[in-house]
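Close look at the chain arrangement
For reference, the chains in residue letters:
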Amino acid sequence: MTDQFDVVVIGGGNAGFSAAHSAVEQGARVLLLEKAPENAAGGNSFYTAGAFRFAFDSLTEVDDLLEPDERYADAVVPAYPESAFTADMQRITGGTCDPELTEVLVSRSADTVRWLAGKGITWRLMYERQSYLSNGKWVFSGGLFFGTVDGGKGLIAQHTKAAVDAGVQIRYSAEVTALHLSDGAERGVTYRDASRVEHRINARAVVLCAGGFESDPERRAQHLGAGWDRALVRGTLTNTGDVLDLALDAGAAPHGDWGSCHSVAWDADASPTGGNRELTNQLTRQSYPIGIVVNTRGERFVDEGADFRNYTYAKYGSEILRQPQGRAFQLFDAKTRPLLRKEEYDSRPIAGAQADTLAELATKLGIDDDGLQRTVAEFNSSIVDEPFDPAVKDGRAARVEPPKSNWAQTLDTAPYYGYAVGCGITFTFGGVHVDGSARVLGTDGQPIDGLYAAGEMVGGLFSGNYPGGSGLTSGAVFGRLAGADAGRSARDG
């Protein structure tokens, strides 16, 4: 069975839908192929909180995009100019981010968010995730303030409606098994449907938005190293790297850091094989900056207060994986427990315990009691006496090894709370090489005719870590560029 389209998009997450919207704007007839069945669709985007990082010089530039909220008058949202976004990309990746791709991401971030709003994507300030109350004000920090209404679930629902309304044809349970990159009518893909029937799609352009290899244990161990096969998969089961391999086999150049990934503190009892469609991002545990994190020996192993959460959470999952049993524990007491994110720490089920003494908490969680008592005693006695303020880098440090640079609070007031976490892998950083128009480059450095990529399949932007919220922004920016160029190519061809 053979069908003819102008543009075929592989992958139905944020990047894929952005590409589809953009191609339709050029007058192209678009087919979107999604590997998952409809009730499991949306890629990793579905499992996110819907946070987008983008540059702006004043909140008044974007307040017309935001849903009404009575807290808005008390919101303190600092400007986040392009220079700050660029500096964060360079700082967080250790200067390894591709300069050309970074410039495209940053310079097009704000316009792309507004473009998405025109497609029906709705926005809000993320009070509960990105701010703390300080002196009666909701103070935002870390360069990440905005998210989609209803998180990733809302993002995918709104994307899907916009695509269908615009005439995009979506086929679910469509597993791409081959790329055909010959010139003219022979270009396109082959996919297999739920009944194992193969279909040939001819198209003038192909846009790859099928994610990385984070859901495949063997590929994780191959590229990320020993032990990564034990990581917990946060999102979709379908990002197994098959399409990425097809692209490389077709001559696409690999790019970026294939040895690192986005990984977070994740509920230790969560399924190791895929995300929870109901709880989605609620299984993450990201209030660690105001507590301490220990391993099964009761030892701290990271600086919980090194920076705002948005700049550390995506690398701390790998630190947890290195610990005995790949397990760690976030600890709080009666002083700090009220500050924890309610949607995460009040969700159920949750791997955690409450106790009236540290010894009892250690027993319940499986932590060495003597080790924990030593760690807490040393930590409590080393805190610098500065005012505690979770809304800013307060300099309230603990002079221990490893240090805690900010937000150090003594762990000394019952009841005590502990939450067991593992390493939750989100997406891998290695991918194919694209240019500033999202055209896939071959190993000879030249664009491969009719082939584009966006989202997690693009390598070169992130390495070792990433600024929170820049993944969805990248998917939308490069998806939009890919769809526009693919649509124009199909129209003009």
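Presented here is a report on the structure given in the accompanying data block. Here the structure is a predicted model, which means the values were calculated and not measured.

A look at the packing of helix α1 (residues 14-25) against helix α5 (residues 151-165)
Following both chains from N to C, one finds α1 and α5 inclined at 25°, their axes separated by 10 Å at the closest point. When the axis of α1 is compared with that of α5, the two are roughly parallel. At the point where α1 passes α5, the crossing takes the left-handed sense. Contacts between α1 and α5 pair Asn14, Phe17, Ser18 and His21 from the former with Leu155, Ile156, His159, Thr160, Ala162 and Ala163 from the latter. A class-by-class count of the residues in the contact of α1 with α5 yields 5 nonpolar, 5 polar and no charged.

Re helix α12 (residues 470-492)
In a regular helix each residue adds 1.5 Å, so 23 residues correspond to 33 Å; α12 covers 33 Å between its end C-alpha atoms and thus fits that length. Burial analysis of α12 places 17 of its 23 residues in the buried class, which makes it a mostly covered element.

Focus on the environment of Val30
Mapped onto the elements, Val30 comes out in strand β2 (residues 30-33). Relative accessible area serves as the criterion here: at 2%, Val30 is assigned to the buried category. Through-space distance from the C-alpha of Val30 to that of Ala19 is 9.6 Å; in sequence the pair is 11 residues apart. With residues up to four places along the chain from it excluded, the contact list for Val30 reads Phe5, Val7, Val9, Ala20, Ala23, Val24, Gly167, Val168 and Gln169.

Re the nonpolar core
In this structure, Val7, Leu208 and Phe478 are the most contacted members of the largest nonpolar core, which totals 126 residues. If you tally residues by element for this core, the top one is α12, at 8 residues. Discounting residues that sit within four places of it in the chain, Phe478 has contacts with Leu101, Val104, Leu105, Asp435, Ala438, Ala453, Ala454 and Leu461. Grouped together as the second largest cluster of nonpolar side chains are 23 residues, Leu358, Ile367, Phe379 and Tyr416 included.

Here we look at the pairing of strand β19 (residues 416-428)
Taken residue by residue, a regular strand's side chains alternate between the two faces of the sheet. For β19, the buried fraction is high: 13 of the 13 residues fall into the buried class. Pairing of strand β13 (residues 232-233) with β19 involves 2 bridges; the strand directions are parallel. Looking at the pairing, Leu232 lines up with Gly424 of β19. Bridge count between strand β15 (residues 261-267) and β19: 7 bridges; the pairing is antiparallel. Among the inter-strand pairings, Asp267 is bridged to a residue of β19, identified as Val421.

Topic: the sheet that holds strand β5 (residues 123-125)
Reading across from one edge, β3-β8-β5 is the order of the 3 strands in this open sheet, with antiparallel pairing throughout. The two strands at the open ends of the sheet, each matched to only one other strand, are β3 (51-52) and β5. Pairing geometry for β3 and strand β8 (residues 146-148), over 2 bridges, is antiparallel. The residue of β8 that forms the bridge with Phe52 is Phe146.

A look at the packing of aromatic side chains
Evaluation of the coordinates by the stated rule reveals 23 aromatic pairs. Each ring, one from Phe332 and one from Tyr345, has its centre 5.9 Å from the other, and the planes form 80°; the classification is edge-to-face. One end of the pair, Phe332, is in strand β17 (residues 328-332); the other, Tyr345, is in helix α9 (residues 342-345), and 13 residues separate them in sequence. Grouping residues by exposure puts Phe332 and Tyr345 together as buried. Chaining the aromatic ring pairs together yields one cluster made of Phe54, Phe56, Tyr127, Trp138, Phe140, Phe145 and Phe146. The ring of Phe5 has Arg29 sitting right over it, with the charged end atom 4.1 Å from the ring centre. The ring of Phe46 has Arg277 lying over it, and the distance from NZ or CZ to the ring centre is 3.6 Å.

Points about the pattern of salt bridges
Scanning the entire structure with this criterion turns up 35 salt bridges. Residue Asp242 pairs with Lys35 through a salt bridge whose shortest N-O separation is 3.5 Å. Taken together, the residues span a long stretch of sequence, with Asp242 in helix α7 (residues 242-249) and Lys35 in the loop between β2 and β3 at a distance of 207 residues. A salt bridge links Arg124 to Glu128; its shortest N-O distance comes to 2.9 Å. Given a relative accessible area of 33%, Glu128 falls into the partly exposed group. Through salt bridges that share partners, Arg53, Asp88, Arg91, Asp307 and Lys393 make up one connected network.

Side note on the environment of Gly483
Take Gly483: it is sitting in helix α12. The spatial distance from the C-alpha of Gly483 to the C-alpha of Ser22 is 4.7 Å, given a sequence separation of 461 residues. Those residues in contact with Gly483 that sit more than four places away from it in its chain are Ala19, Ser22 and Ala23.

Thoughts on the sheet that holds strand β6 (residues 131-134)
Read across the sheet, 3 strands follow the order β4-β7-β6 without closing on themselves; strand pairing throughout is mixed. On the outer flanks of this sheet lie β4 (75-76) and β6, each paired with one strand and no other. With 2 bridges connecting them, β4 and strand β7 (residues 137-140) associate as parallel partners. Paired with Val76 across the two strands is Val139, which belongs to β7.

Describing the side chain of Asn14
Mapping Asn14 onto the fold places it in helix α1. The exposure class of Asn14 is buried, given its relative accessible area of 2%. Of the polar contacts made by the side chain of Asn14, one reaches the backbone oxygen of Leu472; its length is 2.9 Å. Apart from residues lying up to four places away in sequence, Asn14 is in contact with Ser45, Phe52, Leu155, Ile156, His159, Leu472, Gly475 and Ala476.

What about helix α10 (residues 358-365)?
Among the residues making up α10, those that are buried are Leu358, Leu361, Ala362 and Leu365. Along the axis of α10, the buried residues cluster in a sector spanning 100°; they form a single face. Buried residues along α10 sit in contact with β17, β18 (352-355), α11 (369-381) and β19. Positive backbone phi, at 85°, marks Gly366, one or two positions downstream of α10.

Analysis parameters
- Residues numbered from 1 in each chain as written.
- Predicted model: local features only at pLDDT ≥ 70, side-chain atom pairs only at ≥ 80, totals over all residues.
- Heavy atoms only, no water.
- Axes fitted to C-alpha atoms, helices over the stretch in contact; angles between N-to-C directions.
- Helix = DSSP H or I, 4+ residues; strand = E, 2+ residues; numbered from the N terminus.
- Parallel < 35°, antiparallel > 145°, perpendicular 65-115°, else oblique.
- Left-handed = near helix turned anticlockwise from the far one by under 90°.
- Contact = heavy atoms within 4.5 Å.
- Nonpolar A, V, L, I, M, F, W, Y, C, P; charged D, E, K, R; others polar.
- Expected span 1.5 Å × (residues − 1).
- Buried < 20%, exposed > 50% of the residue type's maximum accessible area, 1.4 Å probe, protein only.
- Core = buried A, V, L, I, M, F, W, Y, C linked by side-chain atoms within 4.5 Å.
- Pairing = 2+ DSSP bridges.
- Phe/Tyr/Trp six-rings, centres within 6.5 Å; stacked < 30°, edge-to-face > 60°.
- Lys NZ or Arg CZ within 6 Å of the ring centre and 35° of its normal.
- Salt bridge = Lys/Arg side-chain N within 4 Å of Asp/Glu carboxyl O.
- Polar contact = N/O pair within 3.5 Å; in protein donor to acceptor, adjacent residues only side chain to side chain.
- Arc of directions from axis to C-beta.

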